[in-house]
Amino acid sequence: MSAVLTGGNLEVHRLVHPVLVVARDPDGRLLDIPADADANADDEARFAESMVHMEVTRQSDAATLARLEARIADVLADVRAAVTDWQPMRQRLDEVVESVKTAPAVAPEAVGEVCEFLDWIGDGNYTFLGYQDCAFEGPPEAPRTRLDPARMLGVLTRGGRPVFDRVADGRPIPVEVRTFVERPDLMMVTKANLRATVHRTVHTDSLCIKYFDDAGRVAGQHVFVGLFTASAYNRSPRGIPYLSRKVRRLLDAAGLPLDSHDGKVLLNVLETFPRDELFQIGEADLLATAQAIVRLQQRPRVALFVRRDDFRRFVSCLVYVPRDRYATALRLRIQDILVDAFEGEVSAYYIQINDAPLARLHVILRTDPDNAAMADVAAVERQVVDAARAWPDHLRHALTEALGEEKGLRLFARYGTAFPPGYSDLFSADAAVTDIERLEQARGDAGLVTTLYRPITAPADRVRLKIYHRDGAVPLSDALPILEHMGFRVIDEVPFAVRPADGDDPVMIHDFGLRSRDGREIDLGALREPFKEAFRRVWDGGAESDGFNALVLAAGLGWRQVAVLRAYCRYLRQAAIPFSQAYMEHTLNRNPEITRLIVRLFQARFDPAREPDRDAAIEALHEQIAQRLDSVASADEDRILKRFVNLVDSTLRTNFYQPAADCEPKPYLSFKLNSQALDDLPLPRPWREIFVYAPRVEGIHLRGGPVARGGLRWSDRLEDFRTEILGLMKAQQVKNAVIVPVGSKGGFVVKRPPPGGDRQALLDEGVACYRTFIRGLLDLTDNRVGDDVVAPSDVIRHDADDPYLVVAADKGTATFSDIAN
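What counts and what doesn't
- Residues numbered from 1 in each chain as written.
- Predicted model: local features only at pLDDT ≥ 70, side-chain atom pairs only at ≥ 80, totals over all residues.
- Heavy atoms only, no water.
- Phe/Tyr/Trp six-rings, centres within 6.5 Å; stacked < 30°, edge-to-face > 60°.
- Buried < 20%, exposed > 50% of the residue type's maximum accessible area, 1.4 Å probe, protein only.
- Lys NZ or Arg CZ within 6 Å of the ring centre and 35° of its normal.
- Core = buried A, V, L, I, M, F, W, Y, C linked by side-chain atoms within 4.5 Å.
- Helix = DSSP H or I, 4+ residues; strand = E, 2+ residues; numbered from the N terminus.
- Contact = heavy atoms within 4.5 Å.
- Axes fitted to C-alpha atoms, helices over the stretch in contact; angles between N-to-C directions.
- Parallel < 35°, antiparallel > 145°, perpendicular 65-115°, else oblique.
- Nonpolar A, V, L, I, M, F, W, Y, C, P; charged D, E, K, R; others polar.
- Pairing = 2+ DSSP bridges.

(A) Quick look at the packing of aromatic side chains. Within the structure shown, the criterion is met by 31 aromatic pairs. Arranged with centres 5.1 Å apart and planes meeting at 80°, the rings of Tyr 126 and Phe 128 form a pair that is edge-to-face. The pair Tyr 126 / Phe 128 is uniform in exposure class, with both members buried. Between Tyr 415 and Phe 419, the aromatic rings sit 6.3 Å apart at their centres with planes inclined by 35°, giving tilted as the arrangement. As far as the burial class goes, Tyr 415 and Phe 419 line up, both buried. Site record: aromatic cluster; members linked through ring pairs are Phe 117, Trp 120, Tyr 126, Phe 128, Tyr 131, Phe 224, Phe 228, Tyr 242 and Phe 279. Over the ring of Phe 427 we find Lys 466; its NZ or CZ atom is 3.7 Å from the centre of that ring. We note Arg 688 situated over the ring of Trp 687; from NZ or CZ to the ring centre the distance is 4.3 Å.

Take a look at the structure:
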C-alpha cells in the first residue's frame with residue numbers, strides 16, 4: 001500500500017500497523033477485540049489481523065480519493081490471491097519437480113540441476129505470486145498458445161494480466177518463445193512484463209519449465225511468477241543451485257585457477273554481478289562480459305555492456321564509470337542516451353558504488369518486442385564515454401584540437417579550473433575555447449571585449465552578448481543603458497568570475513540575453529561586427545550613448561555613420577530646429593531605408609575613392625529618397641528627414657575620410673557648411689560655417705565673408721552656443737564695418753566637465769577640448785599647423801573661397817580672447 005500511495009505522489013506522514021486478535025462471525029463481521037484474547041485459543045472465530053493506519057497528504061478531490069481506494073483494493077486483492085493460493089502453488093511446484101525428473105531426452109545433469117534449483121526456491125527463497133500452465137497446441141509448424149484459466153493460481157486468477165505481453169490464449173507462439181522451445185534448456189529464468197504489487201513494485205521473476213508429451217515433444221511450459229527473496233541476492237552464487245554450476249562452468253571455460261589472481265578477480269566479478277542478470281544471461285555472453293569487466297579492473301575506463309532478453313522486451317545495460325565522476329546528473333544523461341539509442345523507456349535502474357575505482361550503473365530499458373533492431377553498441381558506448389567525461393577533460397581536448405597541443409595545454413594549465421561550476425553547466429568546452437581567447441584579449445591591452453551569439457534554440461529576435469572585463473564586474477547601470485540605446489531590451493544577465501591560475505584577480509564574463517525592442521528579426525551575421533565595434537566605442541567614450549545607436553540594428557549602419565547623423569542632429573539643434581533630439585532619433589529609426597539612403601548620399605558626395613560616377617550616383621540617390629519620402633505619413637518626420645538631406649547637400653567639406661596619424665578614425669568630425677543653402681536657418685546667415693563635433697566637445701566657427709577676422713570663445717551655453725556665437729559675429733561685423741576683413745567668430749562648449757568642480761581639472765579639460773576644436777577647424781584648411789594649439793595672430797591659409805582664418809588664444813592662462821589682432 002505504501003507503494004500505491006507514493007506512486008500517486010502522496011507523502012506518508014504516519015504509518016501504524018498493530019497486530020490485533022479479533023473475533024468475527026462466519027460472514028467476517030467484527031464481533032469483538034478481546035483485551036486478553038489469544039489467537040491460538042480454541043475459538044475458531046478468533047484471528048490475528050494487522051490493522052494498518054496511514055496518514056498521507058491531504059486530499060479533498062472525490063475522484064482522486066475514488067481512484068486511490070480502487071488501487072488499494074486492487075493491491076489487497078492481489079495479496080489475498082497470493083496468500084490464498086500459496087500452498088496450491090507450492091504443491092504445483094512439487095508436481096513440476098516430479099515431472100522434470102522424468103523429462104525425456106534431457107541430460108541427467110541438467111535434470112538434477114533444475115530439480116535442485118526448484119527445491120531451493122521452494123525452500124523459502126522465492127515468493128510465489130502466481131502460476132499458469134502455458135500449453136502449445138496445433139501443428140508443429142504453427143503452434144498456438146493455450147492458457148487454461150482453471151489451472152491458474154495466485155494473482156493470475158484475477159484475469160486480464162498476461163505474464164508476457166505477446167503470450168495470450170489462442171495466439172500463435174511468439175518467435176522468441178519458439179526459440180526457447182527449440183533450445184535444449186529445460187528451464188529459463190527471466191523477467192516478466194507483469195509488475196508485482198506485493199512486497200515490491202518491480203517486474204516479477206518468471207520461471208519457465210518445459211514439459212513434454214508422450215512423443216517427447218515440448219507440449220508447453222509451467223510458468224511461475226513471483227519474486228526472489230533477499231537470500232537470492234545476499235548469498236554467494238556458488239551457494240545457489242543453478243547459479244553455482246553456471247559459475248563453475250564459466251571458471252572452467254576461462255581456464256583460470258581459483259587460487260590465481262585473475263581467477264579471484266573473475267570470481268569476484270561473478271559474485272558481484274547483478275543477480276537478476278546472472279540468472280538470465282547466457283553463459284557465452286556472461287563469460288565475454290565478465291572477462292571484459294576483469295580487464296576494467298586493470299585499466300579503469302568508461303564501458304558499456306548490453307544484453308537484450310530472450311523475449312525482446314527488455315534491454316539490460318551495464319555502465320561502468322569512474323567513481324569520482326558519478327553523479328545524478330551523469331546518470332540522467334546516460335539514461336537519456338540509452339533511451340534514444342534503444343528506443344525504449346527506463347523500467348528500473350540500480351547503482352553500485354563501493355571502494356572500487358569504478359561505479360556501476362545498471363539500467364533496464366523496456367522496449368518494443370516487434371522492434372528487432374539493435375543499436376550499434378560501440379557507437380552508444382562512445383556517447384556514454386563522452387557524457388562521462390568531466391568538463392575539464394572536454395576543455396583540455398577542445399583546446400588542443402582548436403589551438404594545437406603546445407598552446408592548448410598552456411591555456412589549459414591556466415584555465416582548466418578557472419571557470420565556476422555554473423559556467424560548465426551552461427556552456428560546452430568548445431564554447432569555452434572561444435571564451436578563453438576573448439579572456440586572453442581582455443587580460444591584455446583590450447580591457448573589455450565582447451562577442452555576440454545566438455543559442456541554437458533561441459528565436460530570431462533574440463541574441464546573447466558576452467562582455468569580458470578584466471577590472472572586476474561591469475556596473476549594470478553603465479551597461480544596460482548602452483544596450484537599450486542600441487535597440488535592445490535586456491532580458492537577463494548571468495555573471496561568471498573566471499580565475500586564471502596565474503592571476504590574482506578574476507576576469508568577469510557577463511552573459512546578457514537581448515531581444516530586439518520592436519520584435520524585428522536580427523541578422524546576426526550582418527550585425528555582429530558593427531555592434532561589437534559600436535559598443536566598444538561607446539564604452540571607451542569614443543562615441544555617445546543615445547538613441548542614434550539603435551540605427552546599428554535598425555538600419556545596419558556602422559558607428560561612424562551613426563556619428564555623422566548624430567553630429568548633423570546636434571547642428572540642427574543649434575540651428576533652432578523645433579524638434580528634440582529624441583524625436584529625431586525616433587524618426588530615423590522608424591525610417592531605416594531613408595536613413596540608409598541619407599548616409600549613402602553623404603558617402604557619394606565625399607568619399608574620395610568615388611570620383612567617376614559621383615554626380616550620377618548623387619542624382620539617383622536623390623530620386624530614391626524623394627520616392628520614399630512620399631510614403632512618410634507624418635509631416636514632422638517628413639520635415640526632419642528633408643532637413644538631414646538638405647544638410648548633406650549643404651556640406652562643402654568634411655574630415656570624415658581623413659585618418660588620424662595612427663590610421664584610426666579621428667575622434668571628432670568637422671563639417672564646412674554653405675550657410676546660404678541651409679533651410680530654415682536663423683538670420684543673419686553667415687557666409688560659411690564649420691561645425692566640429694566630438695563626444696567631449698562641440699564647436700562652431702561662423703564667418704561673414706571670404707576675408708574675415710575674429711576670435712574664439714569658450715562658451716557655457718551647451719544648448720544654444722551657436723546663437724551666442726552668431727550674436728558675437730554680428731557685433732564683429734559692425735565693429736569691422738570700416739576695415740577689412742569682415743567679422744567672424746567661433747566658440748566651443750565642454751560637454752563632459754570633470755566632476756567635483758576642481759578648477760584646475762576644469763581648465764585642463766577646457767584646453768583639451770580647445771585643442772580638439774582647433775584641429776577640427778584645421779582639418780578643413782589646405783595648410784596644417786600640426787598638433788600644437790595655434791598662437792595669437794597666427795594666420796592660416798585656407799582654400800580659394802576661404803582665403804584667411806584668424807584665431808587667437810592666450811595659452812599662458814588658458815583663457816580665450818574675443819579679439820584677434
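So much for the structure itself; the text now carries on.
(B) Quick look at the nonpolar core. With 77 residues, the main nonpolar core has Phe 488, Phe 531, Leu 565, Tyr 571, Ile 598, Phe 644 and Phe 671 as its most contacted residues. With 10 residues, the single largest contributor to this core is helix α20 (residues 559-574). Residues in contact with Phe 644, not counting those within four places in the same chain, are Leu 565, Tyr 568, Cys 569, Leu 572, Met 584, Leu 588 and Ile 598. Core analysis: the next-biggest nonpolar cluster, separate from the first, contains 54 residues, Leu 93, Ile 121, Ile 240 and Ala 290 among them.

(C) Quick peek at the packing of helix α2 (residues 62-84) against helix α3 (residues 86-101). Between α2 and α3, the least distance of the axes is 4 Å, while the angle of their chain directions is 50°. In terms of axis orientation, α2 runs oblique to α3. Listed contacts from α3 to Ala 82, Val 83 and Thr 84 of α2 are Trp 86, Pro 88 and Met 89. Residues belonging to the contact of α2 with α3 are distributed by class as follows: five nonpolar, one polar and no charged.

(D) A look at the sheet that holds strand β2 (residues 19-24). The antiparallel open sheet is built from three strands, whose spatial order is β3-β2-β4. Whereas interior strands pair on both sides, the edge strands pair on one side only; in this sheet they are β3 (30-32) and β4 (46-50). Strand after strand, the sheet turns through a mean of 60° between neighbouring axes, direction not considered. Pairing analysis gives five bridges linking β2 to β4, with the strands arranged antiparallel. Residue pairing for β4: Val 21 is matched across the bridge by Ala 48.

(E) A look at the pairing of strand β14 (residues 345-352). In terms of strand pairing, β14 meets strand β15 (residues 358-366) through seven bridges, oriented antiparallel. By the bridge assignment, Glu 345 is partnered in β15 with Arg 366.

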